[in-house]
Amino acid sequence: MKNVHRIEDYFTIKYRHKIFFTENVFSQENYILKNILEKDANSKALIVIDNGVVENNNTLLSSIAEYFNSVSIVSKCVTITGGEAIKNNLDKLIKVLSLIDKNHIDRHSYLIGIGGGAVLDITGFAAAIAHRGIRYIRIPTTTLAQCDSGVGIKNGLNLFGKKNFIGTFYPPIAVINDFNFLNSLSQRDKRSGLAEVVKIALIKNKKLFEEVQLLSDRLNSFEPSAMKSVIIKCAQLHFDHIVNGGDPFETGNSKPLDFGHWSAHKLEQISKFKIKHGEAVAAGIAIDTLYSANIGFIKPTTAKTIIDQLIKLGFQIYYPEIEIKDSNGKLIILEGLDEFREHLGGNLSITLLKGIGKSIQVNNIQLDLVEKSLNQLRNYC
Ligand SMILES: NC(=O)c1ccc[n+]([C@@H]2O[C@H](COP(=O)([O-])OP(=O)(O)OC[C@H]3O[C@@H](n4cnc5c(N)ncnc54)[C@H](O)[C@@H]3O)[C@@H](O)[C@H]2O)c1
Ligand SMILES: [Zn+2]
């Protein structure tokens, strides 16, 4: 073809992904954060904290103020409401963006998000788009955020009734998990994140599943050393997938870490987010585990072992919301498959189990077998 002038080359951006596990991140002796912040005269930090964390930790705000004074960094702490509801409109995102503006947070300043997955999604998104990207540090404070969402490099908000419809891939400059924050969590939020531990164990690491089996009672009572052990391993497996998996920005057709999530995201939405993400993931795992057995990938006894384990951890694996139908008599939860396909672009790709610790991607889901799995799950309960 004539009249075409083409300019083309590759360019590469290198990221260093850092996850720390510690306790008392804001005690004067703890140097993790101090070592990350560059102590130049212009450094400023805006710290956005989940209200659930502040309300349950009386001395937190004063500890943070003292910590930043000691490193001579101008800081401003702001509390925002936590929980899934803040992801359902743009209000909190705009609030964080306006705080970035008012406090003159520039590309050499820091935005530090402290909270559960929802607050981290909002702050991560704001950091990604303000000034086309400001330095972002995450301090996850829930089981789920420490073992899964906070470890990753993406963020998302719900729009048009669809989970995580908008968002970006934006690696934080560091993630600092402080186990002490877990002490003030509600039992529901302590448990919820364990679903992601079971998920990653099932698709990637049989040994972790066996550890969860062994620690069942201790995890059920949220014993700190048992929780720490599985959180670190779960985070490590998510980390390995991002750093060594070859597709950190999910440009391919599949989301292999999202086992059990096509139905989980829909279930959260059908329940108007009364069912928490991790709770929905536990039910989603049960659905896709039964489907994996029904399609012949795993033995029914393996499926039973997995579902029994979820129940042992205290999860409800069936919700009446699963059965809600639309005006055409179609189960609404099945729309989750279309939304998954649309989110990924191209072909549908769903992660199923080939065994404990072994996954397989499939491009076709048989709706009759999904319905069979849903019925089995109802009967199971
Ligand atoms: N971006 C990602 O890659 C990714 C991955 C998985 C999940 N997520 C998202 O994460 C969200 C779920 O996160 P979550 O399970 O952390 O729940 P959450 O953020 O909804 O928080 C749950 C509740 O715990 C409170 N809270 C947080 N920390 C606390 C503490 N230390 N003490 C007392 N209360 C505290 C919050 O205020 C909130 O009420 C979902 O929106 C999900 O979509 C994102
Ligand atoms: Zn999840």
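Since the structure is predicted, the reported quantities are computational estimates derived from the model, not experimental observations.

## Some words on the environment of His 238
Part 1 of the reasoning: Tracing the backbone through its elements, the reader meets His 238 in helix H11 (residues 224-244).
Part 2 of the reasoning: Placed 87 residues apart in sequence, His 238 and Val 151 show a C-alpha to C-alpha distance of 7.0 Å.
Part 3 of the reasoning: Discounting residues that sit within four places of it in the chain, His 238 has contacts with Cys 147, Asp 148, Val 151, Glu 196, Lys 199, Ile 200 and Leu 257.
Part 4 of the reasoning: A distance of 3.0 Å separates the side chain of His 238 from the backbone oxygen of Cys 234, its partner in a polar contact.

## Here we look at the packing of aromatic side chains
Part 1 of the reasoning: What the rule picks out here adds up to six aromatic pairs.
Part 2 of the reasoning: Relative to Phe 249, the ring of Tyr 15 has its centre 6.1 Å away and its plane inclined at 70 degrees; by these criteria the two rings are edge-to-face. Here Tyr 15 is found in the segment before strand E1 (19-22), whereas its partner Phe 249 is found in the loop between H11 and helix H12 (261-270), with 234 residues between them in sequence.
Part 3 of the reasoning: Residue classification places Tyr 15 among the partly exposed residues on the basis of a relative accessible area of 47%.
Part 4 of the reasoning: Between Phe 21 and Phe 179 the ring centres are 5.8 Å apart and the planes differ by 20 degrees, which places this aromatic pair in the stacked class. Residue Phe 21 is located in strand E1, and its partner Phe 179 is located in the loop between strand E8 (174-178) and helix H7 (187-192); the two are separated by 158 residues in the primary sequence.
Part 5 of the reasoning: For Phe 21, a relative accessible area of 28% corresponds to the partly exposed category.
Part 6 of the reasoning: Each residue in the set Tyr 15, Phe 169 and Phe 249 is aromatic and connected to the rest through ring pairs, giving one cluster.

## Quick notes on the domain arrangement of the protein
Part 1 of the reasoning: When its domains are assigned, the protein resolves into domain 1 (19-185) and domain 2 (200-241 + 253-380).
Part 2 of the reasoning: Computed over C-alpha atoms only, the centres of domain 1 and domain 2 are separated by 28 Å.
Part 3 of the reasoning: Contacts between the two partners involve 19 residues from domain 1, matched on the other side by 18 residues from domain 2.
Part 4 of the reasoning: Here domain 1 and domain 2 share an interface that buries about 1600 Å² over both sides, 70% of which is from carbon and sulfur atoms.
Part 5 of the reasoning: On the domain 1 side of the interface with domain 2, the three residues burying the most area are Cys 147, Lys 163 and Phe 179, jointly 30% of the side's total.
Part 6 of the reasoning: Seen at the junction of domain 1 and domain 2, the total is three salt bridges.
Part 7 of the reasoning: The salt bridge partner of Glu 342 is Lys 162, with a shortest N-O separation of 3.7 Å.
Part 8 of the reasoning: Run the count over domain 1 and domain 2 and you get five residue pairs in polar contact (both at pLDDT 80 or more).

## Observations concerning the site of ligand 1
Part 1 of the reasoning: By nearness alone, 26 residues border ligand 1, and Asp 50, Glu 84, Thr 142, Lys 163 and Ser 184 come closest of all.
Part 2 of the reasoning: Ala 118 has a polar backbone atom sitting 2.9 Å from an oxygen atom of ligand 1.
Part 3 of the reasoning: Considered on its own, ligand 1 offers 870 Å² of accessible surface; in the complex 89% of this is hidden by protein.
Part 4 of the reasoning: Of all the elements in the fold, those that place two or more residues in the shell around ligand 1 are helix H2 (51-55), helix H5 (117-129) and helix H6 (143-149).

## Remarks on the coordination of the zinc ion (ligand 2)
Part 1 of the reasoning: Protein-derived ligands of the zinc ion (ligand 2) are Glu 196 (OE), His 261 (NE2) and His 277 (NE2), with the metal-ligand distances lying across 2.0 to 2.1 Å.
Part 2 of the reasoning: A residue is classified by how much of its surface remains accessible, and Glu 196, at 1% relative accessible area, is buried.
Part 3 of the reasoning: Look at His 277 and you get buried, because its relative accessible area is 19%.

## As for the side chain of Glu 84
Part 1 of the reasoning: Its location among the elements puts Glu 84 in the loop between strand E3 (74-80) and helix H4 (91-102).
Part 2 of the reasoning: Reaching out from Glu 84, the side chain makes a polar contact with the side chain of Lys 163 at a distance of 2.9 Å.
Part 3 of the reasoning: Those residues in contact with Glu 84, other than ones at most four positions away along the chain, are Ala 118, Asn 158, Lys 163, Glu 268 and Phe 273.

## Digging into the pattern of salt bridges
Part 1 of the reasoning: This model, assessed by the stated rule, comprises 18 salt bridges.
Part 2 of the reasoning: For the salt bridge of Arg 6 with Glu 8, the shortest nitrogen-to-oxygen distance reads 2.5 Å. The burial state of Arg 6 is the same as that of Glu 8; both residues are exposed.
Part 3 of the reasoning: The partner of Arg 218 in a salt bridge is Glu 223, with the nearest N and O atoms 3.0 Å apart.
Part 4 of the reasoning: Judged by relative accessible area, which is 36%, Arg 218 ranks as partly exposed.
Part 5 of the reasoning: The partly exposed category is assigned to Glu 223, whose relative accessible area is 28%.
Part 6 of the reasoning: Connected through shared salt-bridge partners, Glu 84, Lys 163 and Glu 268 make up one network.

Rules used in this analysis
- Residues numbered from 1 in each chain as written.
- Chains lettered and ligands numbered in written order.
- Predicted model: local features only at pLDDT ≥ 70, side-chain atom pairs only at ≥ 80, totals over all residues.
- Heavy atoms only, no water.
- Helix = DSSP H or I, 4+ residues; strand = E, 2+ residues; numbered from the N terminus.
- Contact = heavy atoms within 4.5 Å.
- Polar contact = N/O pair within 3.5 Å; in protein donor to acceptor, adjacent residues only side chain to side chain.
- Phe/Tyr/Trp six-rings, centres within 6.5 Å; stacked < 30°, edge-to-face > 60°.
- Buried < 20%, exposed > 50% of the residue type's maximum accessible area, 1.4 Å probe, protein only.
- Domains from an automatic or database assignment.
- Buried area = accessible area lost by both parts, 1.4 Å probe.
- Salt bridge = Lys/Arg side-chain N within 4 Å of Asp/Glu carboxyl O.
- Near = heavy atom within 4 Å.
- Areas by Shrake-Rupley, 256 points an atom, 1.4 Å probe, with all protein chains shown as cover.
- Donors = N, O, S within 2.8 Å, 3.2 Å for Na, K, Ca; no water.

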